[in-house]
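The lines below spell out each chain.
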Amino acid sequence: MRGPSQASIDLYWLPLGAGGHFVRLNGRIHEAIQAFRERRRPLDLYHSALEVRVPEGRFIIETAWPIPDAEPASRGVAVEGPVGSRRIARFRVFRYEVRRWRDGVIPDVSEAVASPQRLSEDPHRARRVLDLVGSVPTLVWGRDELRAGEMWNSNSVVSWLLARSGVPTDTIRPPVGGGAPGWDVGVIAAGRQDHGGGRPPPE
């Protein structure tokens, strides 16, 4: 860990489903199936979040599902996206939210592993991350709409923001023995947008 800085981007790795048994169980089942198919041992799965500091304040950037209540302003919600299918996204339980929460908190941050990881102290990159939160692609969580070989999820949002902000992502790795499903698809989505690639059509 480093000391406080006027501008910084810190990455946190949280065990998938920390504090939530349903998400953790489903994640373990999915990873067990993937490991069996790929003939490898199962990995510990992680969910990522960012803490961004600029002279104006400190912000938490995290994706959450399910949405806890109908008061998004209290958590700095910038965008919402569908879970599973766009057809059922009118129901709150089938939407996720991306937060840009001033003076916010990361739930279960005490369970974070090998965190925080300081990614940058560049004020321009820190501001860029904050500015881009409202432009995060609202792809369907749990589906591979980009045909990138991975499903879009919370890790995709974080990696998309970092890649679009000019933060190098090729050296970022989850804790030893762990995996971050969805991370690569966020980087791929950012690269396609940088090169003028379009978004997938709605269902």
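Residues numbered from 1 in each chain as written. Predicted model: local features only at pLDDT ≥ 70, side-chain atom pairs only at ≥ 80, totals over all residues. Heavy atoms only, no water.

Engineer: Go over the packing of aromatic side chains with me, naming the residues and quoting the values.
Structural biologist: Using the criterion set out here, one finds 3 aromatic pairs in the structure. Here the aromatic rings of Trp65 and Trp141 are separated by 6.0 Å at their centres, their planes lie at 45 degrees, and the arrangement is tilted. Placement of the pair is Trp65 in the loop between β3 (57-64) and β4 (77-82) and Trp141 in the loop between α2 (123-132) and α3 (154-164), with a sequence separation of 76 residues. For Trp141, a relative accessible area of 17% gives the class buried. Taken together, Trp65, Tyr96 and Trp141 form an aromatic cluster joined through their ring pairs. (Phe/Tyr/Trp six-rings, centres within 6.5 Å; stacked < 30°, edge-to-face > 60°. Helix = DSSP H or I, 4+ residues; strand = E, 2+ residues; numbered from the N terminus. Buried < 20%, exposed > 50% of the residue type's maximum accessible area, 1.4 Å probe, protein only.)

Engineer: Could you give me a rundown of unusual backbone geometry, with the residues and numbers involved?
Structural biologist: Following Trp65, the chain continues into Pro66 via a peptide bond in cis, with omega recorded as 0 degrees. Within the element layout of this structure, Pro66 appears in the loop between β3 and β4. That bond from Ser115 to Pro116 is cis: its omega, 0 degrees, falls within 30 degrees of zero. In the Ramachandran plot, Arg147 falls in the positive-phi region, its phi being about 55 degrees despite a non-glycine side chain. Residue position: Arg147 is located in the loop between α2 and α3. Relative accessible area serves as the criterion here: at 73%, Arg147 is assigned to the exposed category.

Engineer: Give me the lowdown on helix α4 (residues 183-194), citing residues and values where you can.
Structural biologist: Helix length check: α4, at 12 residues, gives a terminal C-alpha distance of 17 Å against a target of 16 Å (1.5 Å per residue), a fit within 8%. Residues of α4 that are buried: Trp183, Val185, Gly186, Ala189 and Ala190. Check the buried side of α4 and you find it contacts β1 (8-15), β2 (44-54) and α3. (Expected span 1.5 Å × (residues − 1). Contact = heavy atoms within 4.5 Å.)

Engineer: If you had to explain the packing of α2 against α3 to someone new, which residues and values would you point to?
Structural biologist: In contact at an axis separation of 9 Å, α2 and α3 are set at 130 degrees when each is read in the N-to-C sense. Of the possible angle classes, the one that applies to α2 and α3 is oblique. The two elements α2 and α3 cross, and the hand of that crossing is right-handed. Packed against α2, whose contacting residues are Arg128, Val129 and Leu132, the element α3 presents Trp160, Leu161 and Arg164 at the interface. (Axes fitted to C-alpha atoms, helices over the stretch in contact; angles between N-to-C directions. Parallel < 35°, antiparallel > 145°, perpendicular 65-115°, else oblique. Left-handed = near helix turned anticlockwise from the far one by under 90°.)

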